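# Per-entry structural report
Spelled out, the chains give:
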Amino acid sequence: MKAEIIGNVQGFKQHDGILTIKTAEAEARVYIYSPTIIRINISKQHRETDESFAVIHQPLADFDFDESSAYIDIITSALKLRIHKSPLRFNFFTNTGKPLSADDERYGTIWQGERVITYRKIYEDEKFIGLGEKAGDLNRRGSSYTNWNTDAVDYTPKTDPLYKTFPFFIGLHSGLTYGLFFDNTHKSYFDFGASTDEQMSWFGADGGDMNYYFFGAQGVAQIIEDYTWLTGRMEMPPLWSLGYQQCRWSYMSADEVLNIAKTFRVKQIPADVIYCDIDYMDGFKIFTWNKKTFPKPKKMMDELKQMGFKLATIVDPGIKIEEGYTQYNEGVAKGYFATYPDGENYTGYVWPGRCHFPDFFREDVREWWGAAFTALTDPGVEGFWNDMNEPAVWNQNIPWMVKFGDKYLPEVRNAYGMEMARATYDGTRKILGNKRPFVLTRAAYAGTQRYSAIWTGDNNGTDEHLLFGQRLVNSLGITGMSFVGVDIGGFSGNPTPELMVRWNSLGTYTPMFRNHAIQGSKMREPWEWGEAYEQIIKKDIEQRYKMLPYIYSGFYQSAQTGMPLSRTLAIDYTNNEHIFDTRFQNQFMFGDALLVVPVISTELTADVYLPEGSWYRFGSDQIYEGGQIVNVPSPLTDLPVFVKAGGIIPMQGIVQNTNEAGDGVLYIHVWNGGEPNSFVYYEDDGTSYDYEQGGYYKRGISFDPARKMVSLSAVEGGFKSRFASIKFVLHGFEKVQLKDDVVENLTEEIAIEF
Ligand code: GLC
């Protein structure tokens, strides 16, 4: 396979907001999406239509450029792109001229057969973060990766690829930041100086265009904001999906489901969601119920509702080949399945045995799939768990000649899971009317945050996985996915009771808090670990519920700006070397105020790196000075969690599920600090789309140490808060009493001196 270099610029022109540059080999197109986002698309043969699963915005209609004999320069208010003509190279600078990222001088973009790779300069101090669900360390320098959505059974912290594809990373060097999103769904590759003796980094794919978006905003948070502007943001999730979720492969009957639900209520352990894994179906046929074990789904659902539970049911893409099964008959009759080139439906093996696979890339197929959810929504299901959508055929390859519409597998495999989640989301949203569906998917591509939450697949019940899982959650947050969970306790294997306790404590601070386990493993519910441990788990789950006002406001941030709930410290403390130290790389901010330290179950003290500033231990209010490593106790009853000085955390009293009214008090906790701070509090009905029409309650909470004041701005939005009064709780203030610590929750501004 010959290496074909891109060559010299032979000519260029601008039309319809595109700067088109021709070389002997290829054509490059330059688009501007905003002052901080520039797209380069290089191809030997551009398609007629410019398609993307990920991108939801259009480029600007026009832009200026300067030309000289050697360069074409495009300058925005934030960036300068210098295009070298001989040979063609793309080099990005801040608009004050500081180099951000550049093609490798010698090689730039090269084709070998259909494969296209761009080689880029690597800076001596350059670090890389991102790519979502990927093995290895927070700093990806020295590692290489492949994107090829895979049913990664029994994965380890070193396995690559895993289930998802997020070809977006952020580069950090010289105190500067940039982002790069390679929007190409073919099997793709990223190498951060791993195989080049650090001479260069490179990325590319087995086919398609060299199609990337360059982000030049300064600051990791700003780049995430731009990336999620381009690829979309999550909606407000249903509030119930943020409560505790209990899952298992499988609760085998309606009676078992109801018993589990009842036990939560009897034991007064809060919970909102219970799951049905594959065994609720008749012969694993999607959109059916097992008539023997789940004879009256509606009755079961009504009883669950009475107890304040929601149900989520699994759906897999594989449609069982069985004459008389509706989805099979309709799918065959209408030609809705993936095919061999001669038109025969492709057959692969999954749970039901021989299956066909819906072609989710077609709108009519997505609509058909979406409409079938009435089988689940009619009885009352509102949660839809999309699994095996890499797509998995017992972890084997699907022949590359298999077609999805006019495309072959290699081109679209990485987006299949996303398109299934999209079909599920669109369909159930339509059916449920003004109610928010909860969609969860295992496979995903960039942009999936618009449709679904994700979880990190079949992890293992080990301490190593607890830490690795947190790294995955933190990394997925960089790539726009805020609503992320791991199987608490580990899917395979049997965790020790201590690990189960520890993992539940971390679950409190995980965006999606779901306990799940493989078939044949020991039961995992909170009461399976002995009275003493049950009490600790119960307390952790109660803590989750107390924090829901804070967590919900955190998701509001994700919906508004793309800022994830679980944040690697690389977002707030980008230039602090310590946070990349492998001892501290799993630590994360949970929302604006909390720093959480995952600790394995066998360690009862922990070395923690606290960044600059003062920090309070959440719970005890013990104060620590930051900018140093501290060794702190981490008994199983108290995961090390710290509040940043000045931190503001709105909380509520304990409720058993998110439908319960509770005591009607919003507790606003404030921790003393030298700097003023503010927090955006957000509330809505938690279930409908009324918030899109102004049905929300939003107000700023401020802490001003100089004026000795905490205050709430006037309410924005037309929703009446579920809290009748507000109580301020101050921490770390010496002998200070609020003049008036409980106030009626009125809509005007409230300011209280201390
Ligand atoms: C897959 C899923 C797992 C599920 C199982 C049975 O392994 O990842 O979560 O329980 O299939 O449906």
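Everything numeric in this text was worked out from a predicted model, so none of it was measured.

Glancing now at the overall build of the chain. Secondary structure assignment for the chain yields 12 helices and 51 strands. Relative to its length of 754 residues, the chain is compact, with a C-alpha radius of gyration of 26 Å against a globular reference of 27 Å. Overall, the C-alpha framework of the chain stretches about 75 × 70 × 50 Å when taken along its three principal axes. Within the chain, the fraction of its 754 residues that count as buried is 64%. Put simply, of all contacts in the chain between residues at least 6 apart along the chain, 68% involve residues at least 24 apart. Taking the 73 positively charged and 97 negatively charged side chains of the chain as two groups, their mean positions are separated by 2 Å.

On to empty space enclosed by the protein, then. Applying the stated criterion across every chain yields a total of 5 cavities of 30 Å³ or more. Counted as a void, the largest cavity has a volume near 150 Å³. Around the largest cavity, the lining comprises 17 residues; the ones closest to its centre are Glu235, Pro437, Tyr451, Ser452 and Ala453. Along the lines of polarity and charge, the residues of the lining of the largest cavity split into 12 nonpolar, 2 polar and 3 charged. Space inside the second largest cavity adds up to approximately 120 Å³. In this structure, the second largest cavity is lined by 15 residues; those nearest its centre are Leu239, Leu548, Gln652, Arg722 and Phe723. Of all the secondary structure elements, the ones that give two or more residues to the lining of the second largest cavity are helix 11 (548-561) and strand 46 (677-684).

Now for the site of the ligand. All residues in the neighbourhood of the ligand are listed as Trp249, Asp277, Ile278, Ile314, Trp351, Trp385, Asp387, Arg442, Trp455, Asp458, Phe491 and His516. A distance of 3.0 Å separates an oxygen atom of the ligand from a polar side-chain atom of aspartate 387. The contact in question runs from an oxygen atom of the ligand to an N or O atom on the side chain of histidine 516, over 2.9 Å. Protein contact buries 97% of the 300 Å² of open area that the ligand shows by itself. Looking at the shell around the ligand residue by residue, the classes come out as 7 nonpolar, 1 polar and 4 charged.

Take the sheet that holds strand 19 (residues 200-205) next. Spatially, the 6 strands line up as an open sheet ordered 1-11-12-19-18-14, and their pairing is antiparallel. Since the sheet does not close on itself, it has two edges, and those belong to strand 1 (3-5) and strand 14 (144-147), each with one partner. When strand polarity is set aside, the average angle formed by the axes of neighbouring strands in this sheet is 20°. Where strand 14 and strand 18 (residues 188-191) come together, 4 bridges link them in antiparallel fashion. From the neighbouring strand, asparagine 147 faces strand 18, where its bridge partner is serine 188.

Interaxial distance between helix 9 (residues 497-507) and helix 10 (residues 531-546) falls to 8 Å at its minimum, and their mutual angle equals 10°. Considered as vectors, helix 9 and helix 10 are oriented roughly parallel to each other. Where helix 9 approaches helix 10, its residues Pro497, Glu498, Val501, Asn504, Ser505 and Gly507 are matched on the opposing element by Tyr533, Ile536, Ile537, Asp540 and Arg544. Partitioned by chemical class, the residues of the contact of helix 9 with helix 10 number 5 nonpolar, 3 polar and 3 charged.

With that settled, the discussion passes to the pairing of strand 8 (residues 79-84). Of all 6 residues that make up strand 8, 5 are buried, and the element is covered over most of its length. Two strands pair when backbone bridges link them, and strand 7 (residues 71-75) and strand 8 are joined in this way by 5 bridges, in the antiparallel orientation. Its bridge partner being in strand 8, tyrosine 71 is matched across the sheet by histidine 84. When strand 8 meets strand 9 (residues 89-94), the two strands line up antiparallel, connected through 6 bridges. Within the sheet, the bridge partner assigned to isoleucine 83 lies in strand 9 and is phenylalanine 90.

Before going further, it helps to examine the packing of aromatic side chains. Within a pair of aromatic rings, the relevant descriptors are the distance that separates the centres and the angle that separates the planes. Taken as a whole, this structure holds 68 aromatic pairs when the rule is applied. In this arrangement the basic side chain of lysine 80 is found over the ring face of phenylalanine 93, its NZ or CZ atom lying 5.4 Å from the centre. Between the NZ or CZ atom of lysine 187 and the centre of the ring of tryptophan 148, over which it lies, the distance is 5.2 Å.

We note that the domain assignment places domain 1 (4-231), domain 2 (239-561) and domain 3 (648-753) within the chain. On a C-alpha basis, the centroid separation for the pair domain 1 and domain 3 is 43 Å.

Core analysis: the biggest nonpolar cluster contains 200 residues, and Phe181 and Leu304 have the highest contact counts within it. Ranked by residue count, the leading element in this core is helix 7 (residues 409-432), at 10 residues. Residues Val9, Leu88, Ile122 and Leu131 belong to the second largest nonpolar core, which totals 39 residues.

Attention shifts here to the layout of surface pockets. It is a probe the size of a water molecule, rolled over the atoms, that shows where empty space is left. Each pocket or cavity is described by its volume, and for the largest pocket that value is around 870 Å³. Contributing to the lining of the largest pocket are 40 residues, with Arg47, Glu51, Asp209, Lys407 and Glu411 lying nearest its centre. Listing elements by their share of the lining of the largest pocket, those giving two or more residues are strand 4 (27-34), strand 5 (37-43) and helix 7. Tallied by class, residues from the lining of the largest pocket come to 10 nonpolar, 13 polar and 17 charged. Here the lining of the largest pocket spans two domains, since at least three of its residues come from each of domain 1 (4-231) and domain 2 (239-561). Considered as a void within the structure, the second largest pocket measures approximately 550 Å³ in volume.

For the structure shown, the criterion picks out 0 disulfides. In this model cysteine 247 remains outside any disulfide bridge; the closest cysteine sulfur is found in cysteine 276, 9.0 Å from its own. The closest cysteine sulfur to the non-disulfide-bonded cysteine 355 is located on cysteine 276, 20 Å from its own sulfur. Note on cysteine 355: relative accessible area 0%, which makes it buried.

Cis geometry marks the peptide bond from aspartate 160 to proline 161, where omega comes out at -5°. By the secondary structure assignment, proline 161 is in the loop between strand 14 and strand 15 (164-165). The residue after glutamate 390, namely proline 391, is reached through a cis peptide bond having omega -5°. The residue serine 174 is not glycine, and still its phi comes out positive at about 50°. The residue serine 174 is located in the loop between strand 16 (168-173) and strand 17 (176-182) in this model. Residue classification places serine 174 among the partly exposed residues on the basis of a relative accessible area of 47%. Although it is not a glycine, aspartate 621 adopts a positive phi angle of roughly 65°. Along the chain, aspartate 621 turns up in the loop between strand 40 (614-617) and strand 41 (623-625).

About the cut-offs
- Residues numbered from 1 in each chain as written.
- Predicted model: local features only at pLDDT ≥ 70, side-chain atom pairs only at ≥ 80, totals over all residues.
- Heavy atoms only, no water.
- Helix = DSSP H or I, 4+ residues; strand = E, 2+ residues; numbered from the N terminus.
- Rg over C-alpha atoms; globule rule 2.2 N^0.38 Å.
- Buried < 20%, exposed > 50% of the residue type's maximum accessible area, 1.4 Å probe, protein only.
- Contact = heavy atoms within 4.5 Å.
- Lys, Arg positive; Asp, Glu negative; His and termini not counted.
- Charge placed at Lys NZ, Arg CZ, Asp CG, Glu CD.
- 1 Å grid on protein atoms, 1.4 Å probe; cavity = no way out; pocket = protein on both sides within 12 Å on 5 of 7 lines; lining within 4 Å.
- Points joined across faces, edges and corners; volume = space filled by probe spheres on them.
- Nonpolar A, V, L, I, M, F, W, Y, C, P; charged D, E, K, R; others polar.
- Near = heavy atom within 4 Å.
- Polar contact = N/O pair within 3.5 Å; in protein donor to acceptor, adjacent residues only side chain to side chain.
- Areas by Shrake-Rupley, 256 points an atom, 1.4 Å probe, with all protein chains shown as cover.
- Pairing = 2+ DSSP bridges.
- Axes fitted to C-alpha atoms, helices over the stretch in contact; angles between N-to-C directions.
- Parallel < 35°, antiparallel > 145°, perpendicular 65-115°, else oblique.
- Phe/Tyr/Trp six-rings, centres within 6.5 Å; stacked < 30°, edge-to-face > 60°.
- Lys NZ or Arg CZ within 6 Å of the ring centre and 35° of its normal.
- Domains from an automatic or database assignment.
- Core = buried A, V, L, I, M, F, W, Y, C linked by side-chain atoms within 4.5 Å.
- Disulfide = S-S within 2.5 Å.

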